[in-house]
Amino acid sequence: MNRTVIGAVALGLFAACGQGEVSANERAKQGHLAQAVTSCGSGPTVQGIDVSSVQGDVNWQQVAASGRAFAFIKATEGTGYVNPTFANGWAGSKAAGVLRGAYHFFHPGEDPIAQANFFVQTMGPLEAGDLPPMIDWEVTDGSSNGADAAAGAAFLARVQQLTGRVPILYTYPGFWYGLGAPSGFAQYPLFIADYGVSCTDLPPPWGRWQLWQDGSTGNVPGVGGQVDTDVFQGSLDDLRAFAQSSAAPPAIPPTTKTGIAARPGGGYWLVQADGGVFSYGGAPFFGSMGGKTLNAPVVGIAAAPDGQGYWLVAQDGGVFGFGSAGFFGSTGAMRLAAPMVGIAATPTGKGYWLVGADGGVFSFGDAGFFGSTGGKALNAPVVGIAAAPDGRGYWLVAADGGIFNFGSAGFFGSMGSTKLAAPVVGVAATATGKGYWLVGADGGVFNFGDAAFQGSLGGQKLSSAVTGIAPEGEGYLIVEADGTVSTLEPAPAGGTGSGSGSAGGGSGTGNAPAPFYGSMGGKPLAAPVVGMAARRDGAGYWLVAADGGVFNFGAAGFFGSMGGKTLNAPVVGLAATPSGNGYWLVAADGGIFSFGDARYFGSMGGTKLNAPIAAMAAAPDGAGYWLVGADGGVFNFGSAGYFGSMGGKTLNAPVVSLAATPSGAGYWLLGADGGIFSFGDARYFGSMGGVPLAKPACAIVATETGAGYWIVARDGGVFNYGDAAFHGSLGNTALNAPVVGAAADLASTGYWLVGGDGGIFAL
């Protein structure tokens, strides 16, 4: 495998992937040859290759015609490098019928969990027939053997957790011995690199190689220049079976919390892989499998409808009932096509359904069978099941967010075909059966139908991966592998907003959070999002990208955009008309583009500016607008009056945003340092000027009364002043992209933040 050097990575280490020949002589220098198992392989083999950006674009049809049946393609390295040829290679190899696998060049000196997340996000959901993901482990980054081994183990476990596939470990003997031949990796199929020899000496803990990189100077039709050549030990049918068998359930540590069930009337239970049950919030304890010998780990729990019992289900389909939860059957001792992943109970409590990773559904007691995806080709394994409230249907959810509905369970939408930051791990239905929530391993929540969005953990730093979701009241519970439970539900009426990030300068009553209508988060964008605007009734919002592309959500209509058109300067902002039936876009050169009922009143396009335009705001009557430059200069058009500016004055930081008062007789300017400049009837309530900020300010949003405002920083920190209530912030939260804009939901007094990747945070 060919590596891409990032930053100041040392080149002195001998590396197997495209760096030279790995020979028995080299291994002998390590002084560990006596520990090795000599293996020459036996039986049939299949030829393949592995490629990176070094090979450029590959003609995969020619590769397939040459007899090379599989390929591993470099996807990522460390926490920031993406192979620019990966996407084409990933799609092209699949189209040509070449079995494909993705690999990551591992750096033990960088965060292994961040690397795993980055790798899996770049690779995307694995499809049927894809080879397992692979770690290319051949550098130490100067860290100790123990630290290296711990980092590698964490990376492999995280990839396995996110994909449900057992990863392949690529290394070469000399390097592995240099690590001290650490134990604990025997469960990962070995991809050994060894050149110029007919037999290889396998280091502990392996006694067999699955794949062998036998050279780095191969000439293969369709590949420009030399390429690494690989061998699979087995027939082509064996290779295909290996691709499927690698989807075996990941090993689950006994203490991992694998499920959560809410108790009717309050409280909840958690179950862990060893079958131990933990009760909270007044939920009674009725028993567990903790301390007992199990044939397979427990993967789910379902509450009895009367709240007086629960069922547990194991990967082999064994069912254990406690309290009022009766036993109606199981698949324990049956041969399964795929491991069980979930359980759901009927409304009567006299039956239940089990579901496998292939979507096969098994019904017991009064649970009717309404269909399944068993035996069908899936883009991603099924990970959960939720029952329709009437007991006459159910939903299945796959790791890619795809929804399969059966019986009375209606389809309200899914995340299938959408690129996700992390795989989906669970589904929960609303009490009406007219909606459902999905939750990802990163805690991201996706809501459909009448399932209200009450917040998520997406983008936040979690103590461990999310493993499940359960409905509770009008909200939901999210559980992490270590047992951390987050309750996300509507804020109590009249509750006071609180949380980190508030400047403490404001007061006010917090109501329901701003509703979530959708986002561009995780979707490919032609240009980054640069701003947003909302309807005054809070029923929707618009996002705008630097290329002028407009994305509308909720009741916010689409009236046109500049996407795909040639612009003299990038778009920097968006303002909506009071009616919500139109909007203006403004570019950095002051050019104005009007759509819907947004009338054109003039622009600065073609005029020489002292500084680029940074933002715009609409006059309350919709008959004018203001533009503001980075130097604080203000330009007014139509009914928008001029009340002063910072143009020509010395600023501590450039101006980044503008907000008008409700009367239209004044406005505020916001500097990147959080400084506030008020003009006309815009009152000054405080600022962050002179206060150290973790990230620059990016937006100011005024309240409906004009008696307060919020300042938003690029890290998502929110600072409130006057009557602007604090509803939370993203400060200290790990974000996929910095926050670039904000808008208020004046109907509920909440607000939205938007990231440069189009992700929406409703607070």
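To be clear, the structure that these remarks concern was listed above.
Model, not experiment: these values are computed from the prediction.

Calculation notes
- Residues numbered from 1 in each chain as written.
- Predicted model: local features only at pLDDT ≥ 70, side-chain atom pairs only at ≥ 80, totals over all residues.
- Heavy atoms only, no water.
- Axes fitted to C-alpha atoms, helices over the stretch in contact; angles between N-to-C directions.
- Helix = DSSP H or I, 4+ residues; strand = E, 2+ residues; numbered from the N terminus.
- Left-handed = near helix turned anticlockwise from the far one by under 90°.
- Contact = heavy atoms within 4.5 Å.
- Nonpolar A, V, L, I, M, F, W, Y, C, P; charged D, E, K, R; others polar.
- Phe/Tyr/Trp six-rings, centres within 6.5 Å; stacked < 30°, edge-to-face > 60°.
- Lys NZ or Arg CZ within 6 Å of the ring centre and 35° of its normal.
- Pairing = 2+ DSSP bridges.
- Buried < 20%, exposed > 50% of the residue type's maximum accessible area, 1.4 Å probe, protein only.
- Arc of directions from axis to C-beta.
- Salt bridge = Lys/Arg side-chain N within 4 Å of Asp/Glu carboxyl O.
- Core = buried A, V, L, I, M, F, W, Y, C linked by side-chain atoms within 4.5 Å.
- Expected span 1.5 Å × (residues − 1).
- Polar contact = N/O pair within 3.5 Å; in protein donor to acceptor, adjacent residues only side chain to side chain.

Caption draft 1: Local environment of the packing of helix 4 (residues 112-123) against helix 5 (residues 145-163). Running from amino to carboxyl end, helix 4 crosses helix 5 at an angle of 35°, the nearest separation of the two axes being 8 Å. Of the two possible hands of crossing, helix 4 and helix 5 adopt the one that is right-handed. Note on element contacts: helix 5 touches helix 4 through A151, A154, F155, R158, V159, L162 and T163, opposite P112, I113, Q115, A116, N117, F119, V120 and M123. Of the residues that constitute the contact of helix 4 with helix 5, the class distribution is eleven nonpolar, three polar and one charged.

Caption draft 2: Quick peek at the packing of aromatic side chains. With the rule as written, the count across this model stands at 46 aromatic pairs. Taken together, a centroid distance of 5.6 Å and an interplanar angle of 80° make the contact between F106 and W137 edge-to-face. In this pair, F106 sits in the loop between strand 5 (99-105) and helix 4 while W137 sits in the loop between strand 6 (134-136) and helix 5, placing the two residues 31 residues apart along the sequence. Chaining the aromatic ring pairs together yields one cluster made of F106, F119, W137, F155, W176, F185, Y188 and W206. In this structure, K257 packs its charged tip against the face of F278, placed 5.0 Å from the ring centre.

Caption draft 3: Molecular detail of the sheet that holds strand 22 (residues 393-398). Spatially, 21-22-23 is the arrangement adopted by the three strands of the open sheet, whose pairing is antiparallel. Strands with a single pairing partner mark the edges of an open sheet, and in this sheet they are strand 21 (382-387) and strand 23 (403-407). Within the sheet, the average angular offset between the axes of one strand and its neighbour, ignoring direction, is 20°. Summarising the sheet, strand 22 and strand 23 pair through five bridges and their orientation is antiparallel. Directly across from V397, in strand 23, lies its bridge partner I403.

Caption draft 4: View of helix 3 (residues 86-95). Buried residues of helix 3: F86, G89, W90 and S93, and no others. One side of helix 3 carries all its buried residues, which in axial view fall inside an arc of 100°. Across helix 3 from its buried face, at more than 90 degrees, point the exposed residues A87, N88 and A95. Contact partners of the buried residues in helix 3: helix 2 (60-65), strand 3 (70-77), strand 5 and helix 4. One or two steps after helix 3, the chain reaches G97, where phi turns positive at roughly 85°.

Caption draft 5: Region of the structure containing the pattern of salt bridges. Counted according to the given criterion, the structure contains seven salt bridges. Here K94 makes a salt bridge to E127, at a shortest N to O gap of 3.5 Å. One end of the pair, K94, is in helix 3; the other, E127, is in the loop between helix 4 and strand 6, with 33 residues separating them in the sequence. A relative accessible area of 30% means that E127 is categorised as partly exposed. A salt bridge links D537 to R535, with the nearest nitrogen and oxygen atoms 2.7 Å apart. Classification of D537 by relative accessible area gives partly exposed; the value is 41%.

Caption draft 6: Inspection of the nonpolar core at higher detail. Among the nonpolar cores identified, the biggest contains 66 residues, and I49, W60, F70, F72, W137 and L169 are the most heavily contacted of them. When near neighbours in sequence (up to four residues on either side) are disregarded, I49 contacts W60, V63, R68, F70, A71, F72, V220, V223, V227, D228 and D230. Judged by nonpolar contacts, the second largest core, of 27 residues, contains F516, M520, V529 and A743.

Caption draft 7: Representation of unusual backbone geometry in the model. Omega for the bond connecting P204 with P205 falls within 30 degrees of zero, at 10°, which places this linkage in the cis form. Mapped onto the secondary structure, P205 falls in the loop between strand 9 (200-202) and strand 10 (211-218). Unusually for a residue other than glycine, A181 sits at a positive phi of about 45°. Structurally, the position occupied by A181 is in the loop between helix 6 (173-178) and strand 8 (190-193). Looking at A181, the relative accessible area reads 17%, which means it is buried.

Caption draft 8: Up close: helix 5. Compared with an ideal rise of 1.5 Å per residue, which puts 19 residues at 27 Å, helix 5 spans 27 Å between its outermost C-alpha atoms and is within 8% of the ideal. The secondary structure elements touched by the buried residues of helix 5 are strand 5, helix 4, strand 6 and strand 7 (168-171). Of the residues one or two after helix 5, G164 is the one with positive phi, at around 75°.

Caption draft 9: Region of the structure containing the side chain of Q272. Tracing the sequence through the fold places Q272 in strand 13 (residues 268-272). Engagement of the side chain of Q272 in a polar contact is seen with the side chain of K257, the distance being 3.1 Å. Residue contacts for Q272: discarding those within four places in its chain leaves P254, T255, T256, K257, T258, F278 and V298.

Caption draft 10: Spatial organisation of the pairing of strand 45 (residues 718-722). With respect to burial, strand 45 is a largely interior element, five of its five residues being buried. Pairing of strand 44 (residues 708-713) with strand 45, which is carried by five bridges, proceeds in the antiparallel orientation. Counterpart to G708 in the pairing with strand 45 is G722.

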